[in-house]
Each structure stands twice: as structure tokens, then as C-alpha cells.
Amino acid sequence: IYKDDLLVQTCTEAMSFGELALMYNAPRAATVKAKTQCSLWALDRMTFKLILMQSAIQRQQVNHGFLEHVPILESLTDDEMLVIGDALHPYEFNDGDVIIREGDPGDVFYIIESGSAVCTKGSSDGTQAEVARLGPGAHFGEVALLSSRPRQATVTAQGPLKTLTLDRNTFKRVMGPL
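Every value quoted in this text rests on a predicted model; they were computed, and no experiment measured them.

## Concerning the nonpolar core
Here's step 1: In this structure, Leu67, Leu73, Ile84, Ile111 and Leu166 are the most contacted members of the largest nonpolar core, which totals 16 residues.
Here's step 2: Sorting the residues of this core by element identifies helix H2 (45–67), helix H3 (78–87), strand S5 (108–122), strand S8 (154–167) and helix H5 (168–175) as the ones contributing at least two each.
Here's step 3: Looking at this core element by element, the count peaks at 3 residues for H3.
Here's step 4: The residues touching Leu67, leaving out its near neighbours within four places in the chain, are Leu73, Met81, Ile84, Gly85, Leu88 and Ile111.
Here's step 5: The next biggest cluster of nonpolar side chains, apart from the first, holds 13 residues, and it includes Ile99, Leu134, Val155 and Leu161.

Quick look at the structure:
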């Protein structure tokens, strides 16, 4: 891929290019030249947009189905649930990863999609005591977002953990009244 006659990237198998022009109806930003004999797949703008829309709708349906079973979200309308579903970002953790640490400032809300986590709180003698175990559908991190207080516990992944996250602004806009 060349930009202003300078090589900026070399594409190999399974890589793509040209999507920005399709997504934003913009002129091509670079020139692509084949260095060797190759085979390419091409998509027209309409097909590309249809695939993106279908993917977004499918993700939205999966998220909505999951979110319906999260207790803190039961009072939300379908429209609010869709807003949350669109705003969620997946984030994965490995066994032993500290997700949030007691006393730290917080700007993210977490919902466990799969796996488990353990919550611990520090005591006056410096030891950590387990206060909860969390599994799919459980959530944490909302106290720091609603009250601007520091994190109330340390949450650590117990095995592989998949979460869905919301940033502070989206959380407060959609869930603030909870």
C-alpha cells in the first residue's frame, strides 16, 4: 500500500484494505499495487454495508438477550437496553488478573459474560478477606461510577474471564437513575 508514492504497508494473506472508503463514502486514501501474483476478494459498497449492519444487529441481539438476565438492568426499557448493548465493549482477563483494585478511582462498569471472579477487601491488619464470588451476569464497578468514591473492593479473575464494559459517561447517561 502506497501513500504519496511511499510504501506504508505490505499486505499478506487474510489482510484487507479499502474499507474506510466504503464506510465513509470517501475517495481512496492510498494506492495498492500487487508485488506478486495474487487472488483477491472484492466487495461493493452495498454488500459491505449490509454485512456491517447484519453484524451489528446480530451483536445487538446477543447482547440484549444476555442483558435481560442481568438483575441491575431489569428496570430499563428496551430502548435503554439497546443503547447499553451498543455501547458495551468486550474485555477479557486471564486467571489472576486484577480487574479493579480497592481504593483506586473507577471509570468503568463491568458485567461478567463468562467465567468467574473473586472480590476481596483489605482489613485493618493488612490481610485480604474474600467477600464475594461473581459469575456470569454479575456486575461490579457501579459504586465508583455512581458516587465518585474509590473502588470498594479488589476484583480478581479466577480463570479465564470475559466481561462487557461500559465507560463512565455512557453508564451515567443510561443508568444514572438506578
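## Some remarks on the environment of Cys38
Here's step 1: Note that Cys38 resides in the loop between helix H1 (19–24) and H2.
Here's step 2: The exposure class assigned to Cys38 is partly exposed, which follows from its relative accessible area of 42%.

## Some thoughts on H2
Here's step 1: Compared with the 33 Å implied by 1.5 Å per residue over 23 residues, the 32 Å span of H2 between its first and last C-alpha is a close match.
Here's step 2: Within the sequence span of H2, burial applies to Phe48, Asn63, His64, Phe66 and Leu67.

## Focus on the packing of H2 against H3
Here's step 1: In the contact formed by H2 and H3, the axes pass within 9 Å of each other and the chain directions differ by 115 degrees. The element H2 and its partner H3 pack so that their crossing is right-handed. Side by side, H2 and H3 meet where Arg59, Gln60, Asn63, His64 and Leu67 of the first sit next to Asp78, Met81, Leu82, Ile84, Gly85 and Asp86 of the second.
Here's step 2: Of the residues that constitute the contact of H2 with H3, the class distribution is 4 nonpolar, 4 polar and 3 charged.

Conventions we followed
- Throughout this description, residue numbers start from 1 for each chain and increase along the sequence as written.
- Under the rules for a predicted model, residues below a pLDDT of 70 receive no local features and side-chain atom pairs below 80 are neither given nor counted, while totals for whole chains, interfaces and linings still include all residues.
- In computing side-chain values, all of the structure's heavy atoms are included and hydrogens and water are not.
- Residues belong to a common nonpolar core when they are buried Ala, Val, Leu, Ile, Met, Phe, Trp, Tyr or Cys residues joined through side-chain atoms within 4.5 Å.
- Only protein chains enter the area calculation, which uses a 1.4 Å probe; residues under 20% of their type maximum are buried, those over 50% are exposed, and those in between are partly exposed.
- Put simply, DSSP H or I for four residues or longer makes a helix, DSSP E for two residues or longer makes a strand, and each gets a number counted from the N terminus.
- Contact definition: two residues touch when any of their heavy atoms are within 4.5 Å.
- A helix's residues, less one, multiplied by 1.5 Å, set its expected span.
- Only the contacting stretch of a helix is used when fitting its axis, a line to C-alpha atoms as for every element, and angles between N-to-C directions run 0 to 180 degrees.
- Definitions for this section: a left-handed crossing has its near helix turned counterclockwise from the far helix by less than a right angle. A right-handed crossing has that turn clockwise.
- Polarity classes work like this: nonpolar for Ala, Val, Leu, Ile, Met, Phe, Trp, Tyr, Cys and Pro, charged for Asp, Glu, Lys and Arg, and polar for all others, with Gly in that last group.

Nothing here speaks to function; it is all geometry.
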